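What follows is the residue order along each chain.
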There are 4 protein chains.
Amino acid sequence: MSASLPRPRVGVWLIGARGSVATTAVAGCAAMAAGLHPPTGMVTETPPFADSGLPDLASLVFGGHDTTDCPLPKRAEELAADGVLPHGLPAAVAAELAAADAEIRPGGPARGDSRSTEELIAAFTADIQDFVRRGQLARAVVVNVASTEPAADGAALPPSSLYAAAALRAGCGYVNFTPSTGLHHPALAAVAATAGAPYAGRDGKTGQTLLRSVLGPMFAQRALDVRAWSGTNLLGGGDGAALADPAAAAAKNAGKERVLADTLGGSPQGEVHIDDVPALGDWKTAWDHIAFDGFLGTRMVLQTIWQGCDSALAAPLVLDLARLTLRAHESGIRGALSDLGFYFKDPVGQAPSALGEQYAALVRFGQRLRETA
Amino acid sequence: MSASLPRPRVGVWLIGARGSVATTAVAGCAAMAAGLHPPTGMVTETPPFADSGLPDLASLVFGGHDTTDCPLPKRAEELAADGVLPHGLPAAVAAELAAADAEIRPGGPARGDSRSTEELIAAFTADIQDFVRRGQLARAVVVNVASTEPAADGAALPPSSLYAAAALRAGCGYVNFTPSTGLHHPALAAVAATAGAPYAGRDGKTGQTLLRSVLGPMFAQRALDVRAWSGTNLLGGGDGAALADPAAAAAKNAGKERVLADTLGGSPQGEVHIDDVPALGDWKTAWDHIAFDGFLGTRMVLQTIWQGCDSALAAPLVLDLARLTLRAHESGIRGALSDLGFYFKDPVGQAPSALGEQYAALVRFGQRLRETA
Amino acid sequence: MSASLPRPRVGVWLIGARGSVATTAVAGCAAMAAGLHPPTGMVTETPPFADSGLPDLASLVFGGHDTTDCPLPKRAEELAADGVLPHGLPAAVAAELAAADAEIRPGGPARGDSRSTEELIAAFTADIQDFVRRGQLARAVVVNVASTEPAADGAALPPSSLYAAAALRAGCGYVNFTPSTGLHHPALAAVAATAGAPYAGRDGKTGQTLLRSVLGPMFAQRALDVRAWSGTNLLGGGDGAALADPAAAAAKNAGKERVLADTLGGSPQGEVHIDDVPALGDWKTAWDHIAFDGFLGTRMVLQTIWQGCDSALAAPLVLDLARLTLRAHESGIRGALSDLGFYFKDPVGQAPSALGEQYAALVRFGQRLRETA
Amino acid sequence: MSASLPRPRVGVWLIGARGSVATTAVAGCAAMAAGLHPPTGMVTETPPFADSGLPDLASLVFGGHDTTDCPLPKRAEELAADGVLPHGLPAAVAAELAAADAEIRPGGPARGDSRSTEELIAAFTADIQDFVRRGQLARAVVVNVASTEPAADGAALPPSSLYAAAALRAGCGYVNFTPSTGLHHPALAAVAATAGAPYAGRDGKTGQTLLRSVLGPMFAQRALDVRAWSGTNLLGGGDGAALADPAAAAAKNAGKERVLADTLGGSPQGEVHIDDVPALGDWKTAWDHIAFDGFLGTRMVLQTIWQGCDSALAAPLVLDLARLTLRAHESGIRGALSDLGFYFKDPVGQAPSALGEQYAALVRFGQRLRETA
């Protein structure tokens with residue numbers, strides 16, 4: 001790799017391309033590439049990954065599927081009005097937003113859509129292949145950032161699995177940033193096992209669960225006995241509305257509880273609530289109450305209150321994952337990327353559950369990418 | 001080591017032997033040895049340390065220095081009334097409390113004490129040596145759990161350093177669980193460098209700083225920009241009163257800030273307050289407010305509220321440290337035990353600052369002890 | 001009323017007489033009467049009520065209905081072990097606990113009970129009348145402190161209404177400290193309207209709702225726009241288990257929301273959760289998150305965390321209400337005591353909803369009782 | 001008063017006219033007068049004050065003193081960038097900001113200013129009188145919203161007192177929204193006693209103390225025993241820097257503690273900290289920890305976390321106070337306005353300390369103004 005040769009352009013195909021996370025990722029990538037903002041929150045821009053051969057932010061080309069019509073520049077203005085994006089940013093990166101908007105294709109299935117599962121996968125595959133061809137892209141990665149779908153039941157492939165199948169069929173890497181089924185469907189097991197590209201997931205670890213993945217190990221390492229871990233999440237925006245559906249919330253909560261069980265070695269008492277509070281917009285507040293016993297059974301309590309902007313927490317991780325998966329693909333790595341557990345509540349493959357160990361694994365993965373550069 | 005041979009008795013000499021931490025450690029050790037309570041909070045009772053050859057809890061013999069007169073059984077009753085010890089426990093372990101009480105000697109220097117520094121060290125050394133001889137102990141460790149003393153100024157050795165010098169002179173291991181000077185005095189540098197026994201410290205990491213040592217790395221690993229980290233501690237009991245002295249609080253806060261600087265790679269804005277609130281007794285509440293910037297400068301906040309009982313948090317760590325240091329001593333290990341950074345705000349030697357890495361180092365240390373068994 | 005004449009003994013008949021609240025009230029009344037504890041939490045022991053002619057604490061005689069068998073002295077020991085009652089108190093008031101225990105009769109209907117509604121009311125009435133006659137009591141008040149029953153549906157009288165009907169038929173005053181139906185049943189409307197004794201209720205305001213009744217008016221008076229008010233309650237004990245039943249929780253939450261609607265003049269977004277967390281025992285933690293808009297729409301947040309012991313909060317109010325209702329009865333006051341809104345989430349009659357105004361009404365009521373003394 | 005007659009224009013002279021509070025008040029008044037925002041936070045725009053004859057928002061003319069140079073339109077842009085003012089508002093009310101900016105005169109004394117106390121008062125008086133004359137104003141009120149000055153010592157009049165003296169000498173009403181001395185100086189006692197205009201103060205009750213003024217009465221009315229009330233305030237902006245001066249913080253804290261002492265009838269344990277955290281800008285976080293004893297000495301805790309924007313909290317109160325004082329002046333009311341205690345930590349005259357009673361007094365004051373219309 002020489003500085004004098006331009007890096008080839010690579011694609012990031014977003015499922016849910018008009019959502020808050022996707023809009024923030026596209027706008028933020030353009031802003032950082034233009035030097036308007038420092039790369040806060042981008043792990044792949046820190047020193048351990050400097051020589052890993054990751055694609056430049058400026059070389060990323062965005063497109064995707066969505067079922068809604070609102071143009072990206074307009075979505076970006078809405079996010080700026082809500083304080084999610086800095087004021088002035090939508091105008092500053094209007095060209096990049098419009099370019100990505102032109103690469104968004106209708107998702108599905110739409111209401112009344114009579115196409116078969118196979119027809120839908122074929123259509124999505126064609127959309128992705130057209131994107132790669134039209135953009136003269138060296139390769140692309142498909143990233144699911146759509147609203148959480150209800151937990152699947154029965155044999156039918158849910159939409160997230162249709163997109164996942166299309167990604168692999170198009171020869172692309174795949175990242176599932178949501179708790180939706182994606183590649184975790186029995187009907188896709190064979191496809192996943194023989195994938196020619198790498199894939200990662202599931203369910204991005206952005207706020208409350210990120211905290212749990214460092215606090216759980218702390219209690220375990222100190223031999224403190226966690227009796228009950230209760231949590232309430234308040235959020236508005238589209239995600240709040242989607243998670244007001246108990247089936248969708250159940251999918252989300254499964255990941256949160258898995259992190260506790262994995263790090264504590266047991267399941268404490270306590271529930272997790274996700275409330276839709278439209279007045280909060282894209283801002284999320286998560287309260288956790290942890291009742292634990294110390295020496296001689298002394299009762300103690302830790303409470304945490306996390307107030308963050310979900311899209312701003314997710315977007316840099318999405319860009320990180322896209323870059324890492326694209327680079328792994330370039331390096332000839334295939335199949336489950338179990339070294340990316342740092343990013344997920346429910347990581348593919350065998351991975352440690354404590355954040356510190358996950359970080360160490362990620363840094364080693366960055367070294368491995370460097371060695372194959 | 002064979003199960004059929006009784007382990008020799010070993011000594012734990014506590015500086016501040018009538019304080020809350022010491023009383024809780026003595027009573028709790030007896031309670032666990034008698035099977036009255038499970039070893040919650042004891043890291044050395046977890047599987048990774050099962051074969052490290054650590055002295056049994058039943059083999060620990062307690063004694064120490066203190067400047068007050070209140071007998072241990074009475075102190076234990078007071079702690080039970082305050083909810084620090086379980087009701088009924090002081091009665092159940094009355095014999096063990098009385099036995100430890102009989103081994104407590106007056107500390108110093110007392111008001112108007114005309115003894116020289118050398119005379120004081122010699123007197124303390126003799127007290128410790130008498131304890132070892134009288135009890136037919138294989139060896140002993142001296143653990144400082146006295147109230148934090150004001151930051152030292154000038155060349156004079158503060159009391160904590162007198163005890164530390166006596167410990168080494170008596171051929172014992174030494175652990176400084178407080179922020180006081182102890183062995184960290186220039187005049188003791190040569191003594192420490194040539195010590196025939198191991199030593200560890202400084203400043204036990206029990207609550208707010210324990211949290212900071214897992215949250216700091218989380219922010220750093222996620223490339224989030226911590227702008228300000230503010231904290232307030234409310235506590236009563238003797239520690240609250242001692243720390244109401246600004247000089248003592250300064251010593252304590254230095255350790256807290258060091259953990260942040262080490263894990264974040266910089267010093268955020270924000271102050272730490274320690275308030276004496278007698279109504280809280282031995283219970284401590286620590287509130288932390290962490291203002292951080294995420295992607296594109298989005299402002300977010302994490303707050304934590306820790307409500308714990310200081311003595312119950314400290315006592316199992318004191319027992320852990322005593323056992324580890326006694327076993328290291330038995331194994332022929334000398335000097336600074338830098339692998340025990342898991343327990344301290346300001347560890348001796350070179351040690352990682354993230355709790356997860358400190359835990360890994362501790363587990364490796366346990367393996368090393370096993371190999372020399 | 002002269003100090004030289006002994007006040008007549010009066011009865012307090014508790015529905016749920018073996019529960020935590022009842023046990024705490026009986027034990028606490030005895031402890032205060034014996035001078036063992038100051039009357040913290042007793043509004044009727046404060047100066048404004050000094051001359052209202054309220055029955056002395058020592059003149060209160062306790063009995064009641066319950067469906068469980070655990071003797072009061074044993075329940076008191078359990079509460080002391082959980083930290084709800086001071087250690088040593090059950091032993092100190094053992095005689096009074098045993099005396100009350102001897103006056104507890106089986107409640108109902110029991111499983112498989114074939115008695116008709118009328119037969120049950122008649123049996124309960126007889127129990128109460130026997131209590132009054134046997135104790136040579138001047139009068140008695142019936143106070144419902146049983147676990148919340150599921151919201152009633154259909155025309156059948158729920159148990160709480162059977163007891164309420166029995167109270168009035170026995171010529172006693174009646175207080176409903178729970179959200180259960182009690183006198184709020186259409187079939188009892190005529191009975192309530194012509195009651196010869198006073199009655200009060202419904203749903204004691206002990207913690208989270210107490211707070212809401214002062215915070216709601218604050219926002220309204222300052223013309224701040226409360227957008228969302230969300231809350232989570234964690235509690236164990238019998239009440240936690242009872243409220244894990246969605247129907248019971250719905251009854252409880254209706255009262256909480258009513259206080260907000262009354263004080264804010266509208267219903268903000270947000271939900272209320274009640275989680276059963278057995279590890280917390282009788283201790284309750286309530287977190288409230290209030291998102292409000294200030295000047296020019298600026299978004300602000302208030303959060304409150306209330307950590308209290310439910311029985312200790314409720315018991316003094318129960319004693320207050322018993323005394324006030326007994327005295328009102330003595331003074332010839334009949335029907336709904338709308339001046340006692342200070343104590344309730346859902347007060348009978350027309351009453352102000354802000355705590356300050358409710359307190360002023362209560363003080364005036366105390367003056368009125370004095371004038372009729 | 002007839003709707004067909006235009007109300008005369010009246011003046012609001014702000015001490016600290018270029019500060020955050022003043023800028024927010026001027027911009028917000030223009031925005032509401034133009035119908036761009038509803039009057040959230042304006043108590044005087046609620047129904048109880050509809051017929052009190054208060055001056056219309058559109059009739060208020062702003063000017064003032066300040067020692068800095070930054071033009072108001074630029075200050076407003078800075079506040080919008082910090083999220084204190086809505087984006088777009090500074091542009092929408094640019095004309096009104098520029099008009100107010102043209103009426104700002106240099107405050108003092110400046111560094112090296114050799115003018116005597118009398119010369120300074122005379123100069124300030126002339127500035128105010130010129131403002132009234134030039135604007136053909138019916139009358140004016142002087143409102144101190146400058147940064148808190150250190151607690152005065154000695155006989156010299158601090159700057160806030162110079163402005164207060166000038167206000168009365170110019171025949172204007174006076175409101176001290178800060179904890180600074182203002183009219184509370186012995187040398188001004190005679191002037192205040194014979195003032196021909198009304199005055200009010202001291203120290204606006206915007207956040208933590210507002211909460212305390214409703215929570216304190218709640219504990220007192222419920223006979224709960226508040227053992228300790230501790231608080232920490234984090235804030236940036238100019239106010240954070242000013243209050244980092246211990247002398248200024250002491251002046252501020254005196255007001256906070258007074259509210260507790262007045263409402264609780266005693267002074268609980270606990271301290272109040274005010275930390276300057278520049279990263280928070282104009283946003284303030286206040287944490288309060290209240291340890292109280294309930295029935296039988298049971299220990300309980302309430303914690304509150306208030307996250308607000310100081311300027312947005314203060315500005316509508318400043319406009320309220322200006323309107324009420326101007327109208328009182330018009331009605332012939334002179335001297336201390338003790339009915340305005342609702343707004344202040346340290347109200348002039350005899351006033352109740354519970355917010356509910358203060359609100360009732362304010363509503364009665366509004367009625368009194370109506371009757372004199």
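Residues numbered from 1 in each chain as written. Chains lettered and ligands numbered in written order. Predicted model: local features only at pLDDT ≥ 70, side-chain atom pairs only at ≥ 80, totals over all residues. Heavy atoms only, no water.

Draft legend 1. Summary view of the interface of chain D and chain B. Counting from both sides, the interface comprises 26 residues of chain D and, opposite them, 26 residues of chain B. Counting the surface lost from both chain D and chain B, the interface buries some 2100 Å², and carbon and sulfur atoms represent 55% of this. Summed over the three residues of chain D that lose the most area to chain B, namely A279(D), W287(D) and R299(D), the buried surface amounts to 25% of that side. Summed over the shared surface of chain D and chain B, the number is 2 salt bridges. The salt bridge involving R299(B) is made with D82(D); its shortest N-O contact spans 3.1 Å. (Contact = heavy atoms within 4.5 Å. Buried area = accessible area lost by both parts, 1.4 Å probe. Salt bridge = Lys/Arg side-chain N within 4 Å of Asp/Glu carboxyl O.)

Draft legend 2. Focus on the relation of the copies chain B and chain A. Overlaying chain B with chain A gives an RMSD of 0.0 Å, the required rotation being 180° about an axis along which the chain moves by 0.0 Å. The operation mapping one copy onto its partner corresponds to a two-fold rotation axis. When C-alpha positions in chain B are compared against the rotation axis, the closest is assigned to T304(B), at 2.2 Å. Most of the interface of chain B is mirrored in chain A, where 98% of its interface residues are also at the interface. (Least-squares fit on C-alpha atoms with pLDDT ≥ 70 in both.)

Draft legend 3. Local environment of the packing of aromatic side chains. All told, the structure shown has 30 aromatic pairs over all chains when counted by the stated rule. Relative to W306(D), the ring of F292(C) lies with its centre 5.4 Å away and its plane at 45°, an arrangement referred to as tilted. Of this pair, F292(C) sits in strand β9 (residues 283–293) while W306(D) sits in strand β10 (residues 299–309), on two different chains. When sorted by exposure, F292(C) lands in the same class as W306(D), which is buried. With 4.9 Å between their ring centres and 55° between their planes, W13(D) and F131(D) make a pair best called tilted. With W13(D) in strand β1 (residues 10–15) and F131(D) in helix α5 (residues 117–134), this residue pair connects regions lying 118 residues apart in the sequence. (Phe/Tyr/Trp six-rings, centres within 6.5 Å; stacked < 30°, edge-to-face > 60°. Helix = DSSP H or I, 4+ residues; strand = E, 2+ residues; numbered from the N terminus. Buried < 20%, exposed > 50% of the residue type's maximum accessible area, 1.4 Å probe, protein only.)

Draft legend 4. Geometry of helix α1 (residues 20–33) of chain D. Residue and element names in this part refer to chain D. The terminal C-alpha atoms of α1, which comprises 14 residues, lie 20 Å apart, in line with the 20 Å expected from a rise of 1.5 Å per residue. With respect to burial, α1 is a largely interior element, 13 of its 14 residues being buried. A positive phi of about 80° marks G35, the residue just after α1. (Expected span 1.5 Å × (residues − 1).)

Draft legend 5. Seen up close, the UniProt feature "domain: Myo-inositol-1-phosphate synthase GAPDH-like" (unreviewed entry) in chain A. Mapped onto this numbering, the UniProt entry gives "domain: Myo-inositol-1-phosphate synthase GAPDH-like" (unreviewed entry) at residues 207–311 of chain A. Helix makes up 40% of residues 207–311 of chain A and strand 36%. Its end C-alpha atoms lie 11 Å apart. (UniProt positions renumbered as here; feature names shortened; annotations may be inferred.)

Draft legend 6. Structural view of the sheet that holds strand β10 (residues 299–309) of chain A. The strand order across the open sheet formed by 8 strands is β8(A)-β7(A)-β9(A)-β10(A)-β10(B)-β9(B)-β7(B)-β8(B), and the pairing between neighbours is mixed. Only two strands of the sheet have a single partner each, and these edge strands are β8 (272–276) of chain A together with β8 (272–276) of chain B. The mean inter-strand angle of the sheet, taken between neighbouring strand axes irrespective of direction, is 10°. Bridging between strand β7 (residues 225–235) of chain A and strand β9 (residues 283–293) of chain A involves 10 bridges; their strand directions are antiparallel. Residue pairing across strands places V226(A) opposite F292(A), the latter belonging to β9(A). Lying on the sheet, helix α8 (residues 208–221) of chain A is in contact with β7, β8, β9 and β10 of chain A together with β10 (299–309) of chain B; it crosses β7(A) at an angle near 170°. The sheet strands contacting helix α10 (residues 246–264) of chain A are β7 and β8 of chain A, and the helix crosses β8(A) at an angle near 150°. (Pairing = 2+ DSSP bridges. Axes fitted to C-alpha atoms, helices over the stretch in contact; angles between N-to-C directions.)

Draft legend 7. How the structure looks around empty space enclosed by the protein. The full count for this structure, using the stated rule, is 16 cavities of 30 Å³ or more. Empty space within the largest cavity amounts to approximately 70 Å³. Lining the largest cavity are G41(A), T206(A), L210(A), A312(A), L313(A), P316(A), L317(A), R222(B), L224(B), G294(B), F295(B) and M300(B). The biggest single contributor to the lining of the largest cavity is helix α11 (residues 310–330) of chain A, with 4 residues. Residue composition of the lining of the largest cavity, by class: 8 nonpolar, 3 polar and 1 charged. (1 Å grid on protein atoms, 1.4 Å probe; cavity = no way out; pocket = protein on both sides within 12 Å on 5 of 7 lines; lining within 4 Å. Points joined across faces, edges and corners; volume = space filled by probe spheres on them. Nonpolar A, V, L, I, M, F, W, Y, C, P; charged D, E, K, R; others polar.)

Draft legend 8. Inspection of the side chain of D275(C) at higher detail. Note that D275(C) resides in strand β8 (residues 272–276). For the buried residue D275(C), which engages in no salt bridge, the nearest side chain bearing the opposite charge is R212(A), 9.4 Å off. Leaving out residues up to four positions away in the same chain, D275(C) has contacts with E271(A), H273(A), T232(C), N233(C), L234(C) and L235(C). (Lys, Arg positive; Asp, Glu negative; His and termini not counted.)

Draft legend 9. Fine view of the interface of chain B and chain A. On the side of chain A, 56 residues touch chain B, which itself brings 57 residues to the contact. When chain B packs against chain A, close to 4400 Å² is buried across both sides, 69% of that on carbon and sulfur atoms. The largest contributions to the chain B side of the interface with chain A come from R222(B), F295(B) and L296(B), which together make up 22% of the buried area. At the boundary of chain B and chain A, one finds 0 salt bridges. Counting across the chain B and chain A interface gives 10 residue pairs in polar contact (both at pLDDT 80 or more). For the side of chain B that touches chain A, the secondary structure elements donating two or more residues are α1 (20–33), α8 (208–221), β9 (283–293), β10, α11 (310–330) and α12 (355–371) of chain B. Ranked by residue count, the leading element in the side of chain B that touches chain A is β10(B), at 11 residues. Taken together, the residues that form the side of chain B that touches chain A break down as 36 nonpolar, 16 polar and 5 charged. Across 7 bridges, β10(A) lies against β10(B) in antiparallel orientation. Across the sheet, residue Q303(A) finds its bridge partner in β10(B), namely I305(B). (Polar contact = N/O pair within 3.5 Å; in protein donor to acceptor, adjacent residues only side chain to side chain.)

Draft legend 10. Representation of the domain arrangement of chain A in the model. Residues and elements named next belong to chain A. Parsing chain A into structural domains produces domain 1 (10–204 + 312–371) and domain 2 (208–308). Each of domain 1 and domain 2 has a C-alpha centre, and the two are 26 Å apart. With 17 residues of domain 1 in contact, the opposing surface of domain 2 contributes 23 residues. Interface area, domain 1 with domain 2, both sides summed: about 1600 Å², of which 61% is carbon and sulfur. In this assembly, domain 1 and domain 2 are joined by 1 salt bridge. (Domains from an automatic or database assignment.)

Draft legend 11. Molecular detail of the environment of A251(D). Residues and elements named next belong to chain D. Here A251 is to be found in helix α10 (residues 246–264). With a relative accessible area of 15%, A251 lands in the buried category. Spatially, the C-alpha atom of A251 lies 6.0 Å from that of P179, the residues being 72 residues apart in sequence. Filtering out sequence-adjacent residues up to four positions away, A251 remains in contact with T148, E149 and P179.

Draft legend 12. Seen up close, the packing of α1(B) against helix α4 (residues 94–101) of chain B. Residue and element names in this part refer to chain B. The geometry of α1 relative to α4 is characterised by a closest axis approach of 9 Å and an angle of 135° between their N-to-C directions. Classified by the angle their axes make, α1 and α4 are oblique. Between α1 and α4 lies a crossing whose hand is right-handed. Each of T23, V26, A27 and A30 in α1 lies in contact with α4, whose residues at this interface are E96, L97 and A100. Among the residues making up the contact of α1 with α4, the classes are represented as 5 nonpolar, 1 polar and 1 charged. (Parallel < 35°, antiparallel > 145°, perpendicular 65-115°, else oblique. Left-handed = near helix turned anticlockwise from the far one by under 90°.)

Draft legend 13. Up close: the pattern of salt bridges. Under the criterion given, the structure shown has 69 salt bridges over all chains. Among the ionic pairs, K345(A) bridges to D203(A), the shortest N-O distance being 3.1 Å. Residue K345(A) is located in the loop between β11 (335–336) and α12 (355–371), and its partner D203(A) is located in the loop between β6 (198–201) and α8; the two are separated by 142 residues in the primary sequence. You'll find K345(A) and D203(A) in the same group, each marked buried. In this structure, D346(B) and R202(B) form a salt bridge, with 2.9 Å as the shortest nitrogen-oxygen distance. Taken as a pair, D346(B) in the loop between β11 (335–336) and α12 and R202(B) in the loop between β6 (198–201) and α8 lie far apart in primary sequence, 144 residues in all. It is possible to trace a salt-bridge network through shared partners that takes in R202(A), R258(A), D262(A) and D346(A).

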